[in-house]
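# Results of the structural survey
Each chain, letter by letter, is given below.
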Amino acid sequence: MYFSDKEVLFAREDIAESYPGWRMFFDGATDFKGVRIGAILISESEKHYPASAKIRFPCTNNMDEYEVCIIGIRIVVDMNVKEVFVIEDSDLLINQVQGEWSTKKIKILPYLHCVKELCKKFTKIEFKHVPMIQNEFADALATLSSMIQHPDKNYIDPIEVEISDQHAYCFHEN
């Protein structure tokens, strides 16, 4: 599925307009209905590919941001895209992935390792922090996810990480 009407979807998309390749916006949302995540992938030809899911395990706001980042990146990898511009309103995630900030939080480390491993699959991947106002479609998609009934296959299970001598492997239990 794609949406071609970018004027409706991104009225304020100024930071990524000049980027000629694939772009990914993502966001998570938590409330009394649970944790939902949403990502929007935009191709070079301006086709919009939305993805959303509901998380069925307890997690923090930072964990849900990493979950949706990982899902979005995996979708881009599955589409055989080699260059992508990743845009999000989580200053913490963006700075951790870029190596500007570190974390010692046990719950976040597997996510950070997973994102870094996935980044190796690209010839070029850039991360950019934006204000929430410039990420409103991904936020709306995450919120919309709580209003629909998801089939079992759209639920996310906790991330698992196996670390060998040389590599970290991340996967979700099914």
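Procedures and definitions
- Along each chain, residues carry numbers from 1 onward, in the same order as the chain's sequence is written.
- Side-chain atom pairs in this predicted model are given and counted only at pLDDT of 80 or more, local residue features only at pLDDT of at least 70, and totals for whole chains, interfaces and linings cover all residues.
- As a rule here, side-chain values come from all non-hydrogen atoms in the structure, and water together with hydrogens is ignored.
- Here a strand is any run of E in DSSP of at least two residues, a helix any run of H or I of at least four, and the numbering for each starts at the N terminus.
- In this scheme, a residue with accessible area under 20% of its type's maximum is buried, one over 50% is exposed, and one in between is partly exposed, where area comes from a 1.4 Å probe on protein chains only.
- In this description, contact between two residues means that some pair of their heavy atoms is separated by no more than 4.5 Å.
- A 1.4 Å probe and the Shrake-Rupley method give the accessible areas. Residues count as covered only by the protein chains that appear here.
- Take the buried Ala, Val, Leu, Ile, Met, Phe, Trp, Tyr and Cys residues and link them wherever side-chain atoms come within 4.5 Å; each set so joined is a nonpolar core.
- Between the first and last residue of a helix there are one fewer steps than residues, each counted as 1.5 Å, and that sum is the expected span.
- Salt bridge criterion: a side-chain nitrogen from Lys or Arg within 4 Å of a carboxyl oxygen from Asp or Glu.
- In this analysis, axes come from line fits to C-alpha atoms, helices being fitted only over the stretch in contact, and the angle between any two N-to-C directions falls in the range 0 to 180 degrees.
- Between 65 and 115 degrees an angle is taken as roughly perpendicular, under 35 as roughly parallel, over 145 as roughly antiparallel, and anywhere else as oblique.
- Note on convention: the crossing is left-handed when the near helix lies turned anticlockwise from the far helix by less than a right angle, right-handed when the turn is clockwise.
- Residues are grouped as follows: Ala, Val, Leu, Ile, Met, Phe, Trp, Tyr, Cys and Pro are nonpolar; Asp, Glu, Lys and Arg are charged; all remaining types, including Gly, are polar.

## A short note on the overall build of the chain
A tally of helices and strands in the chain yields five helices and eight strands. In sequence order, the chain lays out its α and β elements as α-β-β-β-α-β-α-α-β-α-β-β-β. Across the 174 residues in the chain, those meeting the buried criterion constitute 46%. Within the chain, contacts between residues separated by at least 24 positions form 69% of all contacts whose residues are at least 6 apart in sequence. Surface summary for the chain: the accessible area is close to 9,500 Å², and the carbon and sulfur share equals 52%.

## With respect to the nonpolar core
Of all hydrophobic cores here, the largest spans 34 residues; its most connected members are F26, Y66, I73, V84, V115, I125 and F127. Elements represented by at least two residues in this core include exactly strand 1 (22-31), strand 2 (34-42), strand 3 (48-55), helix 2 (61-78), strand 4 (83-88), helix 3 (91-97), helix 4 (109-119) and strand 5 (124-129). When residues no more than four places from it in sequence are discounted, the contact partners of V115 are Y66, C69, I70, I73, V97 and F127. By size, the runner-up hydrophobic cluster in this structure holds seven residues, among which are F25, I40, I42 and V130.

## Some remarks on helix 2
A rise of 1.5 Å per residue sets the reference length of helix 2, with its 18 residues, at 26 Å; its end C-alpha atoms lie 26 Å apart and thus fit the reference within 8%. Buried within helix 2 we find M63, D64, E65, Y66, E67, V68, C69, I70, G72, I73 and V76. Taken from the residues just after helix 2, N80 is the one with a positive phi, measuring 65°.

## Notes on the side chain of N95
Turning to its location among the elements, N95 is positioned in helix 3. Residue classification places N95 among the buried positions, given a relative accessible area of 8%. Filtering out sequence-adjacent residues up to four positions away, N95 remains in contact with E100 and W101.

## Description of the side chain of Q96
Within the secondary structure, Q96 is located in helix 3. Setting aside residues no more than four positions away along its own chain, Q96 makes contact with Y66, W101, S102, T103, I108, L112 and K116.

## Overview of the environment of R56
Among the secondary structure elements, R56 is positioned in the loop between strand 3 and helix 2. Spatially, the C-alpha atoms of R56 and G34 are 7.6 Å apart, while their sequence positions differ by 22 residues.

## Quick word on the pattern of salt bridges
Overall, the coordinates contain three salt bridges when judged by the stated rule. R23 serves as the salt-bridge partner of E46, at 2.7 Å between the closest nitrogen and oxygen. Of this pair, E46 sits in the loop between strand 2 and strand 3 while R23 sits in strand 1, placing them 23 residues apart in sequence.

## Section: the packing of helix 2 against helix 4
Direction vectors running N to C along helix 2 and helix 4 enclose 20°, while the axes themselves pass 10 Å from each other. Of the possible angle classes, the one that applies to helix 2 and helix 4 is roughly parallel. Handedness of the crossing formed by helix 2 with helix 4: left-handed. Taken together, the residues of helix 4 that come into contact with helix 2 (itself represented by M63, Y66, E67, C69, I70, I73 and R74) are Y111, L112, C114, V115 and L118. Tallied by class, the residues present in the contact of helix 2 with helix 4 amount to ten nonpolar, no polar and two charged.

## Thoughts on the environment of K121
Within the fold, K121 resides in the loop between helix 4 and strand 5. Residue K121 is classed as partly exposed on the basis of its relative accessible area of 47%. Along the sequence, K121 and K82 sit 39 residues apart, while their C-alpha atoms lie 7.4 Å from each other. Apart from the residues lying within four places of it in its own chain, the contact partners of K121 are V77 and K82.

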